[in-house]
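Listed below, chain by chain, are the residues.
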Amino acid sequence: MAATPGQTAITNGTNGTRSVPSQVVPPVELPENVDALAADAAASLGWHGAVLPPVTMFGRRVYVVAKLRPEAHAERIALGHEPVTDRAQVSTWTWPELADTAPPPAADIVGVLAVARHWRTGLAATVPFSRYGEAAMVLPQSMTLTHDYVDNCLPRTRTYGVAVVSADDEAHVSLDVESHSDRVLLGRDAVWRWVNEVVYEQLITMEDSGTASPEESTQHA
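Student: A description of the overall build of the protein chain should follow, citing residues and the corresponding values.
Tutor: A tally of helices and strands in the protein chain yields seven helices and nine strands. Within the protein chain, the proportion of its 221 residues that are buried is 39%. Taking contacts inside the protein chain between residues at least 6 apart in sequence as the whole, the part at least 24 apart equals 67%. Summed over its atoms, the accessible surface of the protein chain is roughly 12100 Å², and 53% of this surface lies on carbon and sulfur atoms.

Student: Describe the packing of helix 4 (residues 119-130) against helix 5 (residues 147-160), with residues and values.
Tutor: Two elements in contact, helix 4 and helix 5, have axes whose closest approach is 11 Å; the angle formed by their N-to-C orientations is 5°. By the angle between their axes, helix 4 is roughly parallel relative to helix 5. Residues Trp119, Arg120, Leu123, Val127 and Ser130 of helix 4 pack against Asp148, Tyr149, Asn152, Cys153, Arg156 and Tyr160 of helix 5. Among the residues making up the contact of helix 4 with helix 5, the classes are represented as six nonpolar, two polar and three charged.

Student: Let's hear about the pattern of salt bridges: which residues, and what values?
Tutor: Summed over all chains, the structure comprises two salt bridges. Residue glutamate 197 is joined to arginine 76 by a salt bridge in which the shortest nitrogen-to-oxygen separation is 2.7 Å. You can see glutamate 197 sitting in helix 6 (residues 190-209) and its partner arginine 76 sitting in helix 2 (residues 70-79), a full 121 residues away along the chain. For the pair glutamate 197 and arginine 76, one class covers both residues: buried. Measuring nitrogen to oxygen at the nearest pair gives 3.5 Å for the salt bridge that ties arginine 193 to glutamate 197. Taken together, the residues arginine 193 and glutamate 197, both in helix 6 and four residues apart, mark about one turn of the helix. For the residue pair arginine 193 and glutamate 197, the accessibility class agrees, reading buried in each case.

Student: Before we move on, can you summarise the packing of aromatic side chains with the specific residues and values?
Tutor: On inspection of all chains with the given rule, the structure shows two aromatic pairs. Ring centres of phenylalanine 58 and phenylalanine 129 lie 5.5 Å apart, and the angle between their planes is 45°; this geometry places the pair in the tilted category. Of the two residues, phenylalanine 58 is situated in the loop between strand 4 (55-57) and strand 5 (60-68) and phenylalanine 129 in helix 4; the sequence distance between them amounts to 71 residues. Taking relative accessible area as the criterion, phenylalanine 129 reaches 5% and is therefore assigned buried. An aromatic cluster is present here, built from Phe58, Phe129 and Trp194 joined pairwise through their rings. The residue whose ring lies beneath arginine 87 is tryptophan 194, and the NZ or CZ to ring-centre distance is 5.2 Å.

Student: Break down unusual backbone geometry for me, with residues and values.
Tutor: Positive phi is not limited to glycine here, since phenylalanine 58 has a value of about 60°. Assessed through its relative accessible area of 24%, phenylalanine 58 is described here as partly exposed. The phi dihedral of alanine 171 is positive, around 70°, even though this residue is not glycine. Tracing the backbone through its elements, the reader meets alanine 171 in the loop between strand 8 (163-167) and strand 9 (173-177).

Student: Tell me about helix 4, and please be specific about residues and values.
Tutor: Counting buried positions over the twelve residues of helix 4 gives nine, a clear majority of the element. Residues Trp119, Gly122, Leu123, Ala125, Thr126, Val127, Pro128, Phe129 and Ser130 constitute the buried set of helix 4. The inward-facing, buried residues of helix 4 abut strand 4, strand 5, strand 6 (107-115), strand 7 (135-140), helix 5 and helix 6.

Student: Kindly report on the nonpolar core, identifying the contributing residues and their values.
Tutor: Of all hydrophobic cores here, the largest spans 26 residues; its most connected members are Leu52, Met57, Val62, Val64, Val199 and Leu203. Those residues in contact with valine 199 that lie beyond four places of it in its chain are Leu52, Val64, Ala66, Ala107 and Ile109. If you look at the next biggest cluster of nonpolar residues, it comprises 19 residues, including Leu37, Leu45, Val115 and Ala136.

Student: Tell me about helix 6, and please be specific about residues and values.
Tutor: Relative to the 28 Å expected for 20 residues at 1.5 Å per residue, helix 6 spans 29 Å between its end C-alpha atoms, a close match to the ideal helical length. Its side-chain oxygen 3.2 Å from the backbone nitrogen of valine 191, aspartate 189 forms the N-cap of helix 6. At the exit of helix 6 stands glycine 210, carrying a positive phi of roughly 75°.

Student: Describe in detail the environment of alanine 171, supporting the description with residues and values.
Tutor: Alanine 171 sits in the partly exposed class, given a relative accessible area of 27%. Separated by 141 residues in the primary sequence, alanine 171 and leucine 30 have C-alpha atoms spaced 7.9 Å apart.

What counts, and at which threshold
Residues numbered from 1 in each chain as written. Predicted model: local features only at pLDDT ≥ 70, side-chain atom pairs only at ≥ 80, totals over all residues. Heavy atoms only, no water. Helix = DSSP H or I, 4+ residues; strand = E, 2+ residues; numbered from the N terminus. Buried < 20%, exposed > 50% of the residue type's maximum accessible area, 1.4 Å probe, protein only. Contact = heavy atoms within 4.5 Å. Areas by Shrake-Rupley, 256 points an atom, 1.4 Å probe, with all protein chains shown as cover. Axes fitted to C-alpha atoms, helices over the stretch in contact; angles between N-to-C directions. Parallel < 35°, antiparallel > 145°, perpendicular 65-115°, else oblique. Nonpolar A, V, L, I, M, F, W, Y, C, P; charged D, E, K, R; others polar. Salt bridge = Lys/Arg side-chain N within 4 Å of Asp/Glu carboxyl O. Phe/Tyr/Trp six-rings, centres within 6.5 Å; stacked < 30°, edge-to-face > 60°. Lys NZ or Arg CZ within 6 Å of the ring centre and 35° of its normal. Core = buried A, V, L, I, M, F, W, Y, C linked by side-chain atoms within 4.5 Å. Expected span 1.5 Å × (residues − 1). Polar contact = N/O pair within 3.5 Å; in protein donor to acceptor, adjacent residues only side chain to side chain.

Structural data, given as structure tokens:
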């Protein structure tokens, strides 16, 4: 039995009657080069710094835009304080008796973004980081045109202060929602210090590998 294009028809094997056709929704996809998409999104957000390779923190795969703090980095080199990514060890740096001996934060985190097919996935990835600074998610443009996005996503982006960048089928990006600066930030707690150390290690690795400088990496778009 023929069906209307774009719809599915289900035939009841008992009496041959046809059920009400349902609309076939094409899968939501993103352009293939996700790394380039993240870099373009960072540029559209006005984030100046190195777009680091994707990293998984708190079970979320995200891109961090950051740059070195020259004075703190120089001090840590002089004292031999390399990045420490052991979370348990870093957590002790906030103890009153150890706070004065902890190495200074050597990374300046400009923002954290996630590239996702659906806004719920994007929010789940970015909200933990929005408590400490700028956060954004990159979504397919087709996703931002749905009622679900308008009715359910936008109120949450305002609540958490998460920006939204949309990407069309040709990987052109545009800022859809700006971040909100009136949210409450948690400050430099043990979690923030650990994230800073993970990012610091990435920055050093990028510097040692001779890849694009922090200023160059978000200026190409």
